[in-house]
Amino acid sequence: MYGFEALTFNIHGGYLEAIVRGHRAGLLTTADYNNLCQCENLDDIKMHLSATKYGSYLQNEPSPLHTTTIVEKCTLKLVDDYKHMLCQATEPMSTFLEYIRYGHMIDNVVLIVTGTLHERDVQELIEKCHPLGMFDRYSNRPFASSRPHPVAASDRFSFSPLCFSHCFLFSSIATLAVAQNMRELYRLVLVDTPLAPYFSECLTSEDLDDMNIEIMRNTLYKAYLEDFYKFCQKLGGATAEIMSDLLAFEADRRAVNITINSIGTELTREDRKKLYSNFGLLYPYGHEELAICEDIDQVRGVMEKYPPYQAIFSKMSYGESQMLDKAFYEEEVRRLCLAFEQQFHYAVFFAYMRLREQEIRNLMWISECVAQNQKSRIHDSVVYMF
Amino acid sequence: MSGMVDASSWGAALVRISPYTFSAIGIAISIGVSVLGAAWGIYITGSSLIGAAIEAPRITSKNLISVIFCEAVAIYGVIVAIILQTKLESVPSSKMYDAESLRAGYAIFASGIIVGFANLVCGSVSSFSSSFLTSFGFWIPLSDRLRFSCRLCVGIIGSSCALSDAQNSTLFVKILVIEIFGSALGLFGVIVGIIMSAQATWPTK
C-alpha cells in the first residue's frame, strides 16, 4: 500500500539501500571536477582520482596511462558495486537490479553484430563490450563468467556454417558473430538469454545490415523499456512513482533522438512511429506529431508544447542541436538526484547506476580533452552532479 | 444494570467474562505489543545503520542513541505491566461479577491496550514527512505524502537519521530532536495508562 513501505522495506532492502546511499556519497562533486579539469596530463588525473573512491582501482596501473584504461577501471568499480548489491538482494529487488543490466546487454549484442558485419575480430569486440551486459551459456545466470570462457576460444574455430551444431551447444556471447540474420541470431543465442521476450517484434528474415541493426536495437530497447515500466508499476508504491518518471523521461528522450537521427534517412513515418515506446509524456499525441517531423525546428515545435521539455529546448537557440544531448543529460541527472530524496524504494539503485555511468562519461571526456590538449572544450560536455 | 440485559444477548455474554481475564489480557498486551513496537523500530534502524556504517564508520556510536530510544519504549511497557499487575486483587466470588469489579477489570485492560499500542506506534509507525530528509538537509514536500501524516516514529526516523548522518554529520542532532518528540508519544501513552489504572479499585469485602 502506498505510503506504508517504511514499515517493511527495511526487512529486505534496508541494508542495501544504506550501502547504495554510501556509494552515492562517493560520487565526484563539482570541486572534484574542477580539480580534474585543471590537470595537465593523465598522470595528474590518476593522482586526483586516487583521493576518491576510484583510488584502489587505479593505483596499480603502470605510468603511461591511456584514457581507455581509466574508463575501464572506473567501469570495473561500477561492476563491483553492482555485483555486491546483486548478491545480497532478494526478490523482487534482484529482478529490479537485473533489469538495469538489460540495456547494456542490448548494446553489447548490437556491438558484436555490427562489428562482425564489418569483419572485426570477435575477441576484440568482446573486450569492447560493457561488462554489465555480458551473458554466457544458459545465461539466465549472469556473470557465470565475466572473463572470456575457456571454451570461447574454441568457438572461433566453429564459426563456419558447417558447425552450427557446435554453436548450439557452446553458446556464448561470441556466438553472436555467426548469425546471418535475425532469426538465426535469436535461435542460436538469444533464446536462452533474458532478452528473448523482447525479440518477438523484430524476428524477420531480413539480413543484418546497418539500417536494420539500428532498427533492431531500437525495437529491443523499446520492448525492454515497456517491460521495465510494467514491472515497476507492478511493484507499486514509491518505486512505481519515481521509476515511471525516470523511465518516461528516458522513453521521451529516445523518441526525440530517434526522430532527429532519422531525419533524412529512408526510415518511413510508420516505421519511425513503431520505434517509440508506449508510455511517457509524449505518448500518444506527441508521437504522432514527432513521426511527421522533417527537421529540427519542427521537433522543437512539437516539444515546446510540453512544459518540462520546453525548458530544455528554450536553452538552445534556433537551429542548434549540438547542445541537445548535453541538455538532456543535465535534465536526466537532475531527476536522478531527486530520486535520492525519498527513502524506502528501489529507484535509488537505478539512479545510482545511471549517475555512475554519467560520471564515467564525464571522466572519459575529461581524460580525452586532457590527453589531446584541448582543455578549452572540457566544459562542453561535462555534466556536473552536485 | 445487569438485570436489564437480555440473558442471551452479546452484552450478557461479555458481562459474564471474568474481569480477571480482561486484566490479564491487558497486562499481556501492554508488555507484548510494546516490545513488538520496540523490536520493529530497532530492526528498521539497525539495518540502515549497518549498511550506512560501511561507508561512514564514524556514525556507529552516535546512532546507537536511536536504538536506545526504541529500547526505552519497551521499558515503558515493562514498567506499566508491573504496575498493572500490582493492581490485581482477590475478590470473593460472590462479588466477581459486580459492576465495581467489572469496572476494575476493564480499567486494567484498557490501560494495557493504551500503553501497548501507543508504544507500538511510537516505536515503529512513521511520520512520512521526516523520511524525506536528505543529505542537503532541506525538505521536499510531496503533496500525496501529507495525506498520511501520522505520528512521529522512532525507528523510521532512526533509519533516516543514520543515512543522513553518514552523508552530512551536522544533520544528526536535528533529526535526533524529531526522535525525541517521537518518543514523547510513548510517554503520553504511559501517562494515560497509569491514570486509567489508578481507577482500578476492586470491591472490598
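What counts as what
- Residues numbered from 1 in each chain as written.
- Chains lettered and ligands numbered in written order.
- Predicted model: local features only at pLDDT ≥ 70, side-chain atom pairs only at ≥ 80, totals over all residues.
- Heavy atoms only, no water.
- Helix = DSSP H or I, 4+ residues; strand = E, 2+ residues; numbered from the N terminus.
- Contact = heavy atoms within 4.5 Å.
- Areas by Shrake-Rupley, 256 points an atom, 1.4 Å probe, with all protein chains shown as cover.
- Buried < 20%, exposed > 50% of the residue type's maximum accessible area, 1.4 Å probe, protein only.
- Polar contact = N/O pair within 3.5 Å; in protein donor to acceptor, adjacent residues only side chain to side chain.
- Axes fitted to C-alpha atoms, helices over the stretch in contact; angles between N-to-C directions.
- Parallel < 35°, antiparallel > 145°, perpendicular 65-115°, else oblique.
- Nonpolar A, V, L, I, M, F, W, Y, C, P; charged D, E, K, R; others polar.
- pLDDT = per-residue confidence, 0-100.
- Left-handed = near helix turned anticlockwise from the far one by under 90°.
- Phe/Tyr/Trp six-rings, centres within 6.5 Å; stacked < 30°, edge-to-face > 60°.
- Salt bridge = Lys/Arg side-chain N within 4 Å of Asp/Glu carboxyl O.
- Patch = residues over 30% accessible without salt bridge, like charges linked within 9 Å, V, L, I, M, F, W, Y side chains within 5 Å.
- Disulfide = S-S within 2.5 Å.

1. With respect to the overall build of chain B
What chain B contains, in helices and strands, is seven helices and zero strands. Residue pairs in contact within chain B that sit at least 24 positions apart in sequence constitute 86% of those at least 6 positions apart. Counting only carbon and sulfur atoms, one obtains 72% of the accessible surface of chain B, whose full area is about 9,700 Å².

2. Focus on the overall build of chain A
Each helix and strand counted, chain A has 19 helices and zero strands in total. The buried share of chain A, taken over its 386 residues, is 54%. Pairs at least 24 apart in sequence give 65% of the contacts found in chain A among residues at least 6 apart. Surface accessibility of chain A: about 17,100 Å² in total, with carbon and sulfur atoms responsible for 52%.

3. Some details on the side chain of Asn362 of chain A
Residue and element names in this part refer to chain A. Within the element layout of this structure, Asn362 appears in helix H18 (residues 347-371). From its side chain, Asn362 meets the backbone oxygen of Val383 in a polar contact 2.8 Å long. Apart from residues no more than four positions distant in its own chain, Asn362 is found in contact with Tyr33, Ser381, Val382, Val383 and Met385.

4. Some points on unusual backbone geometry
All names here are of chain A. For the bond running from Glu91 to Pro92, omega is -10°, close enough to zero to count as cis. Along the polypeptide, Pro92 turns up in the loop between helix H5 (67-88) and helix H6 (93-117). A cis amide bond links Tyr283 to the next residue, Pro284, at an omega of -5°. Of note in the backbone geometry, Phe344 takes a positive phi value of approximately 70° without being a glycine.

5. Overview of the packing of helix H1 (residues 5-25) of chain A against helix H6 (residues 155-167) of chain B
A pair of packed helices can be characterised by two numbers: the angle between their axes and the separation between those axes. At their nearest, the axes of H1 of chain A and H6 of chain B sit 10 Å apart, and the two run at 5° to each other. Relative to H6 of chain B, H1 of chain A is oriented roughly parallel. On H6 of chain B, the residues touching Ala6, Leu7, Asn10, Ala18, Arg21, Arg24 and Ala25 of chain A of H1 of chain A are Ile156, Ser159, Leu163 and Gln167 of chain B. Classifying every residue of the contact of H1 of chain A with H6 of chain B gives six nonpolar, three polar and two charged.

6. Considering the confidence of the model for chain A
Looking at chain A as a whole, the pLDDT averages 81, with 85% of positions reaching at least 70. Segment residues 138-171 of chain A: pLDDT under 50, and 48 contacts once partners within four positions in sequence are set aside and those in other chains are kept.

7. Comments concerning the packing of helix H2 (residues 30-37) of chain A against H18 of chain A
Residue and element names in this part refer to chain A. Between H2 and H18, the shortest axis-to-axis distance is 10 Å and the interhelical angle comes to 20°. In this view, H2 runs roughly parallel relative to H18, as classed from their interaxial angle. Regarding H2 and H18, the two cross each other, and that crossing is right-handed. Across from Tyr33, Leu36 and Cys37 in H2, the residues of H18 making contact are Glu359, Asn362, Leu363 and Ile366. The residue inventory of the contact of H2 with H18, partitioned by class, reads five nonpolar, one polar and one charged.

8. Quick look at the packing of aromatic side chains
Residue and element names in this part refer to chain A. Applying the stated criterion across every chain yields a total of 21 aromatic pairs over all chains. Residues Phe9 and Tyr346 carry aromatic rings whose centres are separated by 5.5 Å and whose planes lie at 45° to one another, so their mutual orientation is tilted. Residue Phe9 is located in helix H1, and its partner Tyr346 is located in the loop between helix H17 (322-339) and H18; the two are separated by 337 residues in the primary sequence. Each of the two residues, Phe9 as well as Tyr346, counts as buried. With a centroid separation of 5.3 Å and 55° between ring planes, the pair formed by Tyr99 and Tyr102 is classed as tilted. Pair noted here: Tyr99 and Tyr102 are both in helix H6, with a separation of three residues, about one helical turn.

9. Comments concerning the pattern of salt bridges
Residues and elements named next belong to chain A. A full pass over the atoms with the stated rule returns 23 salt bridges over all chains. Asp107 is the partner of Arg217 in a salt bridge, and the nearest nitrogen-oxygen pair spans 3.1 Å. Highlighted residues: Arg217 in helix H11 (residues 210-235) and Asp107 in helix H6, separated in sequence by 110 residues. Salt-bridge contacts for Arg335 lead to Asp245; the nearest nitrogen and oxygen are separated by 3.1 Å. Here Arg335, found in helix H17, pairs with Asp245, found in helix H12 (residues 237-261); they are 90 residues apart in sequence, far enough to count as distant. Overall, the relative accessible area of 36% leaves Asp245 in the partly exposed class.

10. Let's talk about the confidence of the model for chain B
Caution applies to low-pLDDT parts of the model: their predicted coordinates are not meant to be read in detail. All names here are of chain B. Scored by pLDDT, chain B comes out at a mean of 79, with 82% of its residues at no less than 70. By mean pLDDT, the top-scoring element of chain B is helix H2 (residues 19-55) (90), and the lowest-scoring one is helix H5 (residues 143-146) (25). Low pLDDT, under 50, characterises residues 125-152; the stretch is placed with 74 contacts to residues that sit more than four places away or in other chains. In the model output, the complex is listed with pTM 0.84 alongside ipTM 0.77.

11. Some points on a nonpolar patch on the surface
Together, Leu187, Phe188, Ile191, Val192 and Ile195 of chain B give the surface a local cluster of nonpolar side chains, amounting to about 470 Å² of exposed area. As for its placement among the helices and strands, Ile191 of chain B is situated in helix H7 (residues 171-198).

12. Points about the environment of Ile29 of chain B
All names here are of chain B. With respect to the helices and strands, Ile29 occurs in helix H2. Through-space distance from the C-alpha of Ile29 to that of Ile44 is 22 Å; in sequence the pair is 15 residues apart. Other than its neighbours up to four places away in sequence, Ile29 contacts Ser34, Phe109, Gly112, Ile113, Gly116 and Phe117.

13. Topic: the state of the cysteines
Taken as a whole and assessed by the stated rule, the structure comprises zero disulfides over all chains. With no disulfide of its own, Cys37 of chain A lies closest to Cys39 of chain A among cysteine sulfurs, the gap being 8.2 Å.

14. Brief notes about the environment of Thr86 of chain B
Residues and elements named next belong to chain B. Along the chain, the position of Thr86 falls in helix H3 (residues 59-86). A residue is classified by how much of its surface remains accessible, and Thr86, at 53% relative accessible area, is exposed. From its side chain, Thr86 meets the backbone oxygen of Ile83 in a polar contact 2.6 Å long.

15. Side note on the environment of Pro197 of chain A
Mapped onto the elements of the fold, Pro197 of chain A is located in the loop between helix H10 (182-188) and H11. Remark: the alpha-carbon pair of Pro197 of chain A and Tyr15 of chain A, spanning 182 residues in sequence, is separated by 32 Å.

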